[in-house]
Amino acid sequence: MTTQTTLTFSVNAMNCASCVGRVEKALQAVDGVSDARVNFASETATLHVDQDFTADHATAALDVAGYPAAVQSYRFGLENMSCASCVGRVEKTVLALPAVVSVAVNLAKENMVVQVLGTSLRASDIAQTATAAGYPATLIPDEGGAAPASDKKAEEAAHLKQMTLVALLLTLPVFIAEMGGHMIPAVHDWIMNTVGMRTSWTIQFVLTTIVMVWPGRQFYIKGLPALFKAAPDMNSLVALGSGAAWVFSCVALFAPSLLPDGTRVVYFEAAAVIVTLILLGRYLEARAKGRTGDAIRKLVNLSPKTAQVYRDGELIALDVDKIVADDLLLVRPGDKIAVDGVVTKGTSYVDESMITGEPIPVEKSSDATVVGGTVNGNGALTIRATKVGRDTMLAQIIRMVEDAQGAKLPIQDVVNRITLWFVPAVLVIALVTVVAWLVFGPDPALSFAMIAGVAVLIIACPCAMGLATPTSIMVGTGRAAELGVLFRRGEALQTLSSVQTVALDKTGTLTEGRPELTDLTVSTGFDQADVLRLVASVEVMSEHPIAKAIVRRAEQDGLQLVEVDQFTAETGFGVSATVSDRTILIGADRLMTREGIALDAFSDLRDDLAKQGKTPLFTAIDGQLAAVIAVSDPIKQSTGAAIAALHQLGLKVAMITGDNQGTADAIAAQLGIDTVVAEVLPEGKVTAIEALQSNGQKVAFVGDGINDAPALARADVGVAIGTGTDVAIEAADVVLMSGELNGVVNALHVSQMTMRNIRQNLFWAFGYNALLIPVAAGVFYPLFGLLLSPALAAGAMALSSVFVVTNALRLRWIKPQMSV
């Protein structure tokens, strides 16, 4: 079986949605890549690769396509380097890691420089690989490392802000001189009487040219080469539009004889305003996009940077990256726990709300497990590290969120196919527009043709289309993580919003997952506490879950158990023992009947308990019926409200369980569940889900056990309770960090809100282009005299992208439907 690895890294120079298709096409052609997905909003690519993949082939393909990958460099000191053959062994070993682009080992300096695709591989993983090969490696800090993605986004926004201000200062005089002269006669007269028209145009030429070659140069150095490669993008449209206005104006200024009579006008202000407004739009967009990754940054910040670790009998402060399994850590009061581990010494209460959503701290003592990122209370703990680095629960959560944020929903495939051809189509529309105005337009036809052609080029940029889906996914899945809902597979975000039936496992999902003593009714002449004390004293000898439930209840009531003599267990009947010279029988009704003990006094109660889904047991003391005890797996407190909320959302609720039909029917009646399938094995759960799907309904299945894994995989969306087994979580599409069913309601709510947000964005993006391209082309000019200026087109285009990103950011404030 081929082993698949997932790599995520940043891709530079993507400017619009049409770039996404080109980057994906380039990466899909690389050997070893089984799937390539590009997220325009986060400017990242996610690859699923096999052992034939080499990272340098991917970077080379992206360089040729004009979209270079972000490469991270690490420098390591090496030990045990003795000859040139050592160099080859280290390089070969490290190059085998799937994300490594290049390795350069210097024998003389005994160091190694490794280039890695993005942040797909940690420095500690590289060091561990080299060390395992026999050459211990130590990271040399602050050598060639790339800045974190959040810092890069901040730097990009700061640079765009600076360039926008420069462009604005240079554009204002041009705009005032030209447009002010058209709109305000006094301004026109002042210019004519002072500097003159030609001098005014020359000043506009100088200022506009500076705007284009300095703050606006990015549009031309990226857009024109893309155009010459027959792969035009947004930069190409801006470069063509502003360049056409600038060239026409230069001809009008320096070679007016080349133009027909009546067409000698300049559009320097249009070229300058186009560049300035689009820079402004990019700045606002970059600032907004920088906030889409807030959820990931919050999760990353949960983990401390250093920890107190015992090494060689001494307690030292150590970077978290350098902690290894089996290290002993001291966690002081108020500290964040650095890694997953097991308590070896001490007692404290730990706030695990970031994992479970439960606000009440959990008591931790010897042998208790702790999770990295949780916060210790007032006690000191010594823990042994069990999972470090990428294996910790927090690291896995972060990866789940990153994977979901980088996912491509089915709806995005349609958008990408459209946008890949959109820019070439716009160029054709612009050309047809120019020709139509030259042939059919009124005088001066050339001026009208240029205005309309430039406006079409500028207004039709598909940025908003490309941002519509991925920005909503990033913000929506990030907010879901904050609410304790992890989308392991991004596609589930879309599918979950359209499910019609939610099928639920019973044990551990609807119920607490362990039996509890719910009823204890004693016969006349017996004391309840005394009976419970005697029964628990007997049941402490048994390992049966029901026996443990009885003992737990006695301990909770503070009862003192006594020594037991002559304990006997009979399978299918019950147990018997002697306690303080009293003979105790505990078991099913068949045991009492066999021993000749009449049950008439409790026959009605027994039937009522059975109808409620509870298991009745009888107790006899010295040959007399003493009590009836009921044990059941209690329904979680939040379950009833959660199922009511699912019904309010218009969903059908089914229960699929291996438990007996009577218990299942009793719970279903109590909770208002629509469909019950009971007494089924794991494969029977799959069959039940297929039956629910047979009428075309989409089904989500919620479970927590190993026996739920096949059903989780078969459902349209598998939802695992986070307190369940690893097998169930691995088979699921969505993971609820808390053990409560409330998370299902919140997951559905986030999914529906996110898909609604995506539809709003797509409606705006496509509607904007569908409406304004004809306006820009001048379709309404014959009827209403309406013609869109290139400057207004640039403003509208910039605002469309800002609108889409801002609308997506509203998802940051989704309120949970139910508290967890």
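By the naming in an unreviewed UniProt entry, the protein chain goes by Cu+-exporting ATPase and is assigned to Yoonia ponticola. Quoted verbatim from the Sequence similarities (unreviewed entry) heading of the UniProt record, the comment on the protein chain is "Belongs to the cation transport ATPase (P-type) (TC 3.A.3) family. Type IB subfamily."

A. Region of interest: the overall build of the protein chain. If you tally the helices and strands in the protein chain, you get 29 helices and 29 strands. For the protein chain, the residues scored as buried account for 52% of the 820 residues in total. Put simply, 68% of the contacts in the protein chain that link residues at least 6 apart link residues at least 24 apart.

B. The sheet that holds strand E9 (residues 314–319), seen in detail. Sheet architecture is open: 6 strands sit in the order E9-E8-E10-E16-E11-E14, paired in antiparallel fashion. Every other strand in the sheet has two partners, leaving E9 and strand E14 (369–370) as the edge strands with one partner each. Pairing analysis gives 6 bridges linking strand E8 (residues 306–311) to E9, with the strands arranged antiparallel. Residue pairing in the sheet places Tyr 310 in a bridge with Leu 315 of E9.

C. Molecular detail of the UniProt feature "transmembrane region" (unreviewed entry) in the protein chain. The sites that UniProt annotates as "transmembrane region" (unreviewed entry) are residues 165–187, 199–216, 237–259, 265–284, 418–440, 446–469, 762–781 and 787–809. Each end of residues 199–216 is marked by a C-alpha atom, and these two atoms are 24 Å apart; helix forms 83% of the span and strand 0%. Structurally, residues 762–781 comprises 85% helix and 0% strand, and the distance from its first C-alpha atom to its last is 28 Å.

D. Inspection of the packing of aromatic side chains at higher detail. If you walk through the whole model with that rule in mind, you get 8 aromatic pairs. One aromatic cluster is present, formed by Phe 205, Trp 246, Phe 254 and Phe 268 through successive ring pairs. In this arrangement the basic side chain of Arg 594 is found over the ring face of Phe 573, its NZ or CZ atom lying 4.9 Å from the centre.

E. Just the packing of helix H22 (residues 639–648) against helix H27 (residues 742–777), in detail. Closest axis-to-axis distance for the H22/H27 pair is 8 Å, and the angle between their directions is 25°. Classified by the angle their axes make, H22 and H27 are roughly parallel. Where H22 crosses over H27, the two elements pack in a sense that is left-handed. Taking contact as the criterion, the partners of Ala 642, Ala 645 and Leu 646 in H22 are, on H27, Asn 742, Val 744, Val 745 and Leu 748. Counted by class, the contact of H22 with H27 contains 6 nonpolar, 1 polar and no charged residues.

F. The pairing of strand E10 (residues 328–331), seen in detail. Strand direction decides the pairing type here: E8 and E10, joined by 3 bridges, are antiparallel. In the sheet register, Val 309 faces E10, and the bridge partner there is Leu 329. Direction of pairing for E10 relative to strand E16 (residues 381–387): antiparallel, over a ladder of 4 bridges. Paired with Leu 329 across the strands is Ile 383, a residue of E16.

G. Up close: the nonpolar core. Formed by 152 residues in total, the largest nonpolar core has its most connected members in Phe 53, Val 94, Met 112 and Ile 126. What Met 112 contacts, discounting residues up to four positions off in sequence, is Tyr 74, Arg 75, Phe 76, Leu 78, Val 90, Val 94, Val 103, Ala 104, Val 105, Ile 126 and Ala 130. Of all hydrophobic cores here, the second largest spans 25 residues; its members include Phe 526, Val 538, Leu 617 and Ile 629.

H. Inspection of the confidence of the model for the protein chain at higher detail. Per-residue confidence for the protein chain gives a mean pLDDT of 81; residues scoring 70 or more make up 86%. Counted against residues more than four places away or in other chains, residues 143–147, with its pLDDT under 50, gives 9 contacts.

I. Representation of helix H8 (residues 217–228) within the structure. Taking 1.5 Å of rise per residue, 12 residues should cover 16 Å, and H8 covers 17 Å from first to last C-alpha, within 8% of that figure. All of the buried residues in H8 are Gln 218, Phe 219, Tyr 220, Gly 223 and Ala 226. After H8 finishes, the residue Ala 230 shows a positive phi value of roughly 60°.

J. Region of interest: a nonpolar patch on the surface. A grouping of Leu 165, Leu 168, Leu 172, Phe 175 and Ile 176 is seen on the molecular surface, where their side chains present a nonpolar patch of about 440 Å² in accessible area. Along the chain, Leu 165 turns up in helix H5 (residues 149–183).

K. Layout of helix H2 (residues 55–65). Ala 55, Ala 58, Thr 59 and Leu 62 are the residues of H2 that are buried. What you see down the axis of H2 is that its buried residues fit within an arc of 95°, all on one side. Where H2 terminates, the next one or two residues include Gly 66, which has phi positive at roughly 90°.

L. Broad picture of the sheet that holds strand E23 (residues 615–621). In space, the 6 strands of this open sheet follow the order E19-E24-E23-E22-E21-E20, with antiparallel pairing throughout. Edge positions in the sheet fall to strand E19 (516–522) and strand E20 (564–570), since each has one partner strand and no second. Averaged over neighbouring strand pairs, the angle between their axes works out to 20° when direction is ignored. Examined bridge by bridge, E23 and strand E24 (residues 624–632) share 7 bridges and lie antiparallel to one another. What sits directly across from Leu 617, in E24, is Ile 629.

M. Here's a closer look at unusual backbone geometry. Within the chain, Gln 566 stands out as a residue other than glycine whose phi angle is a positive 50°. One can find Gln 566 in strand E20. Of the residues examined, Gln 566 reaches a relative accessible area of 65% and is grouped as exposed. Backbone geometry places Ser 580, a non-glycine residue, at a positive phi of 50°.

N. Inspection of the environment of Ala 96 at higher detail. Summarising the element assignment, Ala 96 is placed in the loop between helix H3 (84–95) and strand E5 (100–106). The exposure class of Ala 96 is exposed, given its relative accessible area of 61%. Distance in space between the C-alpha atoms of Ala 96 and Ala 55 is 9.8 Å, their sequence separation being 41 residues.

Conventions used here
- Residues numbered from 1 in each chain as written.
- Predicted model: local features only at pLDDT ≥ 70, side-chain atom pairs only at ≥ 80, totals over all residues.
- Heavy atoms only, no water.
- UniProt positions renumbered as here; feature names shortened; annotations may be inferred.
- Helix = DSSP H or I, 4+ residues; strand = E, 2+ residues; numbered from the N terminus.
- Buried < 20%, exposed > 50% of the residue type's maximum accessible area, 1.4 Å probe, protein only.
- Contact = heavy atoms within 4.5 Å.
- Pairing = 2+ DSSP bridges.
- Phe/Tyr/Trp six-rings, centres within 6.5 Å; stacked < 30°, edge-to-face > 60°.
- Lys NZ or Arg CZ within 6 Å of the ring centre and 35° of its normal.
- Axes fitted to C-alpha atoms, helices over the stretch in contact; angles between N-to-C directions.
- Parallel < 35°, antiparallel > 145°, perpendicular 65-115°, else oblique.
- Left-handed = near helix turned anticlockwise from the far one by under 90°.
- Nonpolar A, V, L, I, M, F, W, Y, C, P; charged D, E, K, R; others polar.
- Core = buried A, V, L, I, M, F, W, Y, C linked by side-chain atoms within 4.5 Å.
- pLDDT = per-residue confidence, 0-100.
- Expected span 1.5 Å × (residues − 1).
- Patch = residues over 30% accessible without salt bridge, like charges linked within 9 Å, V, L, I, M, F, W, Y side chains within 5 Å.
- Areas by Shrake-Rupley, 256 points an atom, 1.4 Å probe, with all protein chains shown as cover.
- Salt bridge = Lys/Arg side-chain N within 4 Å of Asp/Glu carboxyl O.
- Arc of directions from axis to C-beta.

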